[in-house]
Amino acid sequence: MDISTLRNTHPEHWSKACAIRALAMDAVQAANSGHPGMPMGMADVATVLFERHLKFDAQAPDWPDRDRFILSAGHGSMLLYALLHLTGTPGMTLDELRNFRQWGAKTAGHPEYGHAPGIETTTGPLGQGLANAVGFAIAEESLRSAFGRKAVDHHTWVIAGDGCLMEGISHEAIGLAGMQKLNRLTVLWDNNSISIDGAVDLADITDQRARFEAAGWTVLACDGHDPADIDRALTRARNSDRPTLIDCKTVIGFGAPNKQGTAGAHGSPLGAEEIAAVREAYGWPHPPFEIPAEIKTAWEEIGRRGAALRTDWEARVAAMPAARRKEFERRLEGAAPRRLAGTIRALKKQLSASAPKVATRKASEMVLEVVNPVMPETLGGSADLTGSNNTLTGDLGIFAPDNRKGRYIHYGIREHGMAAAMNGIALHGGLRPYGGTFLVFADYARGAMRLSALMGVPVTYVLTHDSIGLGEDGPTHQPVEHLAMLRATPNLNVFRPADAVETAEAWELALTSARTPSVLALSRQGLPTLRTRNTTKNLSARGAYVLAEAEGRRRAILLASGSEVSIALEAREALQAEGIGTRVVSMPCWELFAQQDETYRRRVLPAGAVRVATEAGLRAGWDRWLCGERGREARAGFVGMEGFGASAPAPRLFEEFGITAGAVAAQVRALL
C-alpha cells in the first residue's frame, strides 16, 4: 500500500505509525549514527501488533504474564525505543530518545537487556533474538504445564530481518521450534530485500518461506504497509497449531523519496534534506522529537489496554492455594529452594566418605540426581551428547509437544541454538536452564555464550571432555585454547573442578548465581576424590584455596585446576620427600578468586616461593597468578600444552606432552 492510500484509508493508524518513523529518523540524525530504514519500514506492522494483539501493560513492563516482544533485528533499535516511549513505559523519556547512542543513555545503539524495562533481551548480533525467542516460547510452555493457564498464558512475538534469517543460528532455531510445535511463537519477517551491501540477492537467494515450511512452521504473508492485511495475518498466527512466520513485505526507509528501498536507508542517517522531504511526504510538519498531544494520548491508551488483564491475572494468582502461589513466586524471583544447600552438603559428605574415582562429568550427573528432585525449575538438555555429557537424570522426562511437563530438551546438534534458547529460557524467568556439549564445541556456541555474560543471565553450560584427557578422538575434539577463551570473557564463571566434591560445590554456585552465567568444564577420564576430609563450607566459592600445605619451610607453590590437581599432589609428594616444602593450591574458578580481598589472595599466594602451574591447556592467562600476585617471572613455570593434541589413549597423551608429576617436580627443582 502506498503512502497516499494509507493516509486516506487509515488516517488514525497512519498518524500513530508516523510518530514511530519520525522519532526514529530524528534520533538517528541527532546521533549521526544508526539505522533509520528498518523502523520506518516496520512501523505499520509494529503499530498493528501493539494496538491489537500484544498483551502488555506499559505501566507494568515486567508483568510476568505479558506477551514477549523481541526485536531480533536489533539494529533497528529506535523502533523499540519509540514504542516504549509512546506507550508510556516508565523511564523511556523523550530525553532518552534525544540521547540515542550517547554515553549513559538507556537507548544504546542496539537494545541491551537491563538498560530499560521493556527490553526483553540484548539483540544486535543477528539471529540471536530469534533464537532467544524459541527459549522464551519453551519457557512459557513449560511453566504453563506446571502452573496452569490461569497463571501462565502468553505469546512471543519477534521482528526479524533478512540478516537474522541469513545467519546460521536461525536454521538451528527454526528447526528446534518447528519440531517442538511452539505455536505461541510468531516471527514477523521484515522482508525488505535490502542489506548493508545492497540487494539481498547479491548474497542470498534462499526461499525463506519454503525453508520455514520444511521446518514445520505455518507460513503466512501480508503487505507490511496495509494495516488490515497485517491484522489478518496476526490473527491467523494466534490460532495456528505450529509456530508461525509472517512474511511482511515492506519498503526500507518507507517514504524517503530518494533513499527508500535502497541500502542508503539502512545503516546511516538520512540527512537533513532527505528528512525534510520525508516530513513533506508524510504530512508531518512537527519539529524533531515533537509528538502532537492527541497522538501521544492515543499511544498511551494502547499502553494501558492490558491493565485490566494484568489486574485479573493478579487476582487469579492471589487466589491460588498458598503453597502453590509461594512456589510460583519463588520461581519467578529466581530464589533457590531452601533444600538446595542441605542437599549439596549431604552429597559432599557422602562423596568425601566413599571417595569414588569418577570422571567429573559423572560426578556432575551424581549432583544432578540429587538436585533435580529438589529444584523443579531446572530445565536440562544436551546438543545430542546426552550420554557423554551425563546431563539427563531419571526423574526429568523429555520436554516434547506431547509432554510439556518434561524437563529435559533434546536440542539436537545445535550448540549455538541451544545456548541462545537457554538465554531466552533464563530471561523469561521461572526456570534454570543448563545444557551440555563438549568443551571444544564452545566455539559453536560462543556468540550466545558471550551474550549470556553481557546480559548477566545465569545459564549453566555443562562442557565435558575438557582436555587431551578425552583421548582417542584426537585434536579436533581436544580443547587446548578454550579455557583461556572462556576465562577471557567478562562476567563468566569458569569452573574446572578437580574431583566430585568440587563438582558439587561448582553446581551449588552455578545454581545460586544471580547475574553471572557459569561454565562447568568436566573431565572424560576418572579422577580420584581429593577432598576426603568433609567440610560443610563451600571452598570453591573463594575460587582457589590451599588443598595441601607445605611441610617444613615453604619453598614451592603448585597451582592447578581440574584433572591436573591430582598431578600436582603427586609432584608435591616427590618434592616433600626431597625436603622441598610444597603447597598445592586448587584453582577451580579464577574469576571467583580474583574477586576475593587482597588479604585472602595473599594468604593463598604469598611472596617468596617458586610457583609452577599445571593444566592440560595453554598457558594463556596463568601468568596473572604465576607472575602477578607477588610472584616473579624468573621464579615461575608452567606445565601444560603448547599446541594441539593428538589421537591416542589419554595416559599416553599426558606422557607424550609432558604433563606429569615428574615434569612438575622438575620445573620446581630448576627454578630453585
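Residues numbered from 1 in each chain as written. Predicted model: local features only at pLDDT ≥ 70, side-chain atom pairs only at ≥ 80, totals over all residues. Heavy atoms only, no water.

**Q** What exactly am I supposed to notice about the overall build of the protein here?
**A** The helix and strand tally for the protein stands at 27 helices and 18 strands. The globule rule puts the C-alpha radius of gyration for 672 residues at 26 Å, and the 28 Å found for the protein is close to it. Counting over 672 residues, the protein shows a buried share of 61%. For the protein, restricting intrachain contacts to residue pairs at least 6 apart in sequence, the fraction spanning at least 24 positions comes to 78%. (Helix = DSSP H or I, 4+ residues; strand = E, 2+ residues; numbered from the N terminus. Rg over C-alpha atoms; globule rule 2.2 N^0.38 Å. Buried < 20%, exposed > 50% of the residue type's maximum accessible area, 1.4 Å probe, protein only. Contact = heavy atoms within 4.5 Å.)

**Q** What is the right way to look at the packing of aromatic side chains in this model?
**A** Each aromatic ring pair is characterised by the separation of its centres together with the angle its planes make. Across all of its chains, the model carries 16 aromatic pairs by this definition. Seen in terms of ring centroids, Trp14 and Tyr282 are 5.3 Å apart; in terms of plane orientation they differ by 90 degrees. Their pairing is edge-to-face. Highlighted residues: Trp14 in helix H2 (residues 11–31) and Tyr282 in helix H11 (residues 272–282), separated in sequence by 268 residues. An identical accessibility class is assigned to Trp14 and Tyr282; each is buried. Between Phe593 and Tyr600, the aromatic rings sit 6.2 Å apart at their centres with planes inclined by 75 degrees, giving edge-to-face as the arrangement. The ring of Tyr600 carries Arg542 above its face, with NZ or CZ at 3.8 Å from the centroid. (Phe/Tyr/Trp six-rings, centres within 6.5 Å; stacked < 30°, edge-to-face > 60°. Lys NZ or Arg CZ within 6 Å of the ring centre and 35° of its normal.)

**Q** When you look at the sheet that holds strand E15 (residues 554–560) in this model, what are you seeing that I'm missing?
**A** Across a sheet, strands are paired by hydrogen bonds formed along the backbone, either parallel or antiparallel in direction. Ordered in space as E14-E16-E15-E17-E18, the five strands form an open sheet in which the pairing is mixed. Of all strands in the sheet, those with a lone pairing partner are strand E14 (545–548) and strand E18 (636–640), marking the two edges. Taken pair by pair, the neighbouring strands of this sheet meet at an average axis angle of 30 degrees, ignoring direction. In this structure, E14 lies alongside strand E16 (residues 581–586), joined through three bridges in antiparallel fashion. Within E16, the residue paired with Tyr545 across the bridge is Ser586. Lying on the sheet, helix H27 (residues 661–671) is in contact with E15, strand E17 (610–615) and E18; it crosses E17 at an angle near 160 degrees. (Pairing = 2+ DSSP bridges. Axes fitted to C-alpha atoms, helices over the stretch in contact; angles between N-to-C directions.)

**Q** Explain the nonpolar core here, please?
**A** Generally speaking, nonpolar side chains in soluble globular proteins are found buried as a group. Core analysis: the largest hydrophobic core is formed by 69 residues, its most contacted members being Ile138, Leu185 and Trp217. The biggest single contributor to this core is helix H6 (residues 128–147), with ten residues. Membership of the second largest hydrophobic core comes to 67 residues, among which are Phe69, Ile159, Leu234 and Trp299. (Core = buried A, V, L, I, M, F, W, Y, C linked by side-chain atoms within 4.5 Å.)

**Q** How should the packing of helix H22 (residues 564–577) against H27 be read in this particular structure?
**A** The geometry of a pair of packed helices is captured by two quantities: the angle between their axes and the separation between those axes. Contact geometry of H22 with H27 gives a least axis separation of 8 Å together with a crossing angle of 55 degrees. Judged by the angle between their axes, H22 and H27 are oblique. Considering the relative orientation of H22 and H27, their crossing is right-handed. Here H22 contributes Ile567, Glu570, Ala571 and Leu575 to the contact with H27, which in turn contributes Ala661, Val664, Ala665, Val668 and Arg669. The residue inventory of the contact of H22 with H27, partitioned by class, reads seven nonpolar, no polar and two charged. (Parallel < 35°, antiparallel > 145°, perpendicular 65-115°, else oblique. Left-handed = near helix turned anticlockwise from the far one by under 90°. Nonpolar A, V, L, I, M, F, W, Y, C, P; charged D, E, K, R; others polar.)

**Q** When you look at unusual backbone geometry in this model, what are you seeing that I'm missing?
**A** Excluding glycine, most residues fall at negative phi; most peptide bonds, likewise, are trans. Within the chain, Glu629 stands out as a residue other than glycine whose phi angle is a positive 50 degrees. With respect to the helices and strands, the residue Glu629 is situated in the loop between helix H25 (623–626) and E18. Despite not being glycine, Arg630 has its phi angle at roughly 75 degrees, a positive value. Looking at the element boundaries, Arg630 is found in the loop between H25 and E18.

**Q** Is there a simple way to explain the sheet that holds strand E1 (residues 68–71) in this structure?
**A** The strand order E1-E2-E3-E7-E6 describes an open sheet built from five strands, whose pairing is parallel. On the outer flanks of this sheet lie E1 and strand E6 (218–223), each paired with one strand and no other. Averaged over neighbouring strand pairs, the angle between their axes works out to 20 degrees when direction is ignored. Both E1 and strand E2 (residues 156–161) contribute to a ladder of four bridges, which runs parallel. Along E2, the bridge assignment pairs Arg68 with Thr156. Strand contacts of H6: E1, E2 and strand E3 (185–191), with the helix running at about 165 degrees to E2, the strand carrying the most contacts.

**Q** Just to check I follow, could you spell out the state of the cysteines for this structure?
**A** As used in these notes, a disulfide is a covalent bond between sulfur atoms, one from each of two cysteines. Using the criterion set out here, one finds zero disulfides in the structure. Of all cysteine sulfurs in the structure, the one in Cys248 sits closest to Cys222, which takes part in no disulfide; the separation is 3.8 Å. (Disulfide = S-S within 2.5 Å.)

**Q** Whenever I open this one, the packing of helix H3 (residues 37–53) against helix H10 (residues 227–238) confuses me. Can you help?
**A** Contact pair H3 / H10: the axes reach a minimum separation of 10 Å and the direction vectors enclose 55 degrees. Comparing their axes, H10 and H3 come out oblique. At the point where H3 passes H10, the crossing takes the right-handed sense. Taken together, the residues of H10 that come into contact with H3 (itself represented by Asp44, Val45, Val48, Leu49, Arg52 and His53) are Pro227, Ile230, Asp231, Leu234, Thr235 and Arg238. Looking at the contact of H3 with H10 residue by residue, the class counts come to six nonpolar, two polar and four charged.

**Q** Is there a simple way to think about the side chain of Ser523 in this case?
**A** Residue placement: Ser523 occurs in the loop between strand E13 (518–522) and E14. Under the relative-accessibility criterion, Ser523 is labelled buried at 1%. Here the side chain of Ser523 touches Gln525 through a polar contact of 2.9 Å, landing on its backbone oxygen. Discounting residues that sit within four places of it in the chain, Ser523 has contacts with Ala359, Thr360, Arg361, His465 and Asp466. (Polar contact = N/O pair within 3.5 Å; in protein donor to acceptor, adjacent residues only side chain to side chain.)

**Q** Explain the environment of Ala263 to me, please; I cannot follow it from the model alone.
**A** With respect to the helices and strands, the residue Ala263 is situated in the loop between strand E7 (244–249) and H11. Exposure remark for Ala263: the relative accessible area of 27% places this residue in the partly exposed category. Sequence-distant contacts of Ala263, defined by excluding residues within four places in its chain, comprise Ile194, Ser195, Ile196 and Gly198.

**Q** Just checking my understanding: could you explain the pairing of E15 for this structure?
**A** It is a general feature of regular strands that their side chains alternate between the two faces of the sheet. Counting buried positions over the seven residues of E15 gives five, a clear majority of the element. Summarising the sheet, E15 and E16 pair through six bridges and their orientation is parallel. Counted as the bridge partner of Ile557 is Arg583 from E16. Read as a crossover between parallel neighbours, the route from E15 over H22 to E16 is right-handed. (Right-handed = clockwise from strand over helix to strand, strands pointing away.)

**Q** Would you mind showing me how to read the pattern of salt bridges here?
**A** Opposite charge on two side chains allows them to pair when their charged atoms are near. All chains considered together, the criterion is met by 38 salt bridges. Of the charged contacts in the structure, one is a salt bridge between Arg52 and Asp231, with a shortest N-O distance of 3.6 Å. In this pair, Arg52 sits in helix H3 while Asp231 sits in helix H10, placing the two residues 179 residues apart along the sequence. One salt-bridge network, in which partners are shared between bridges, spans Glu140, Glu141, Arg144, Arg149, Asp153, Arg184 and Arg404. (Salt bridge = Lys/Arg side-chain N within 4 Å of Asp/Glu carboxyl O.)

Everything listed here is a matter of coordinates, which is why it stays silent on function.
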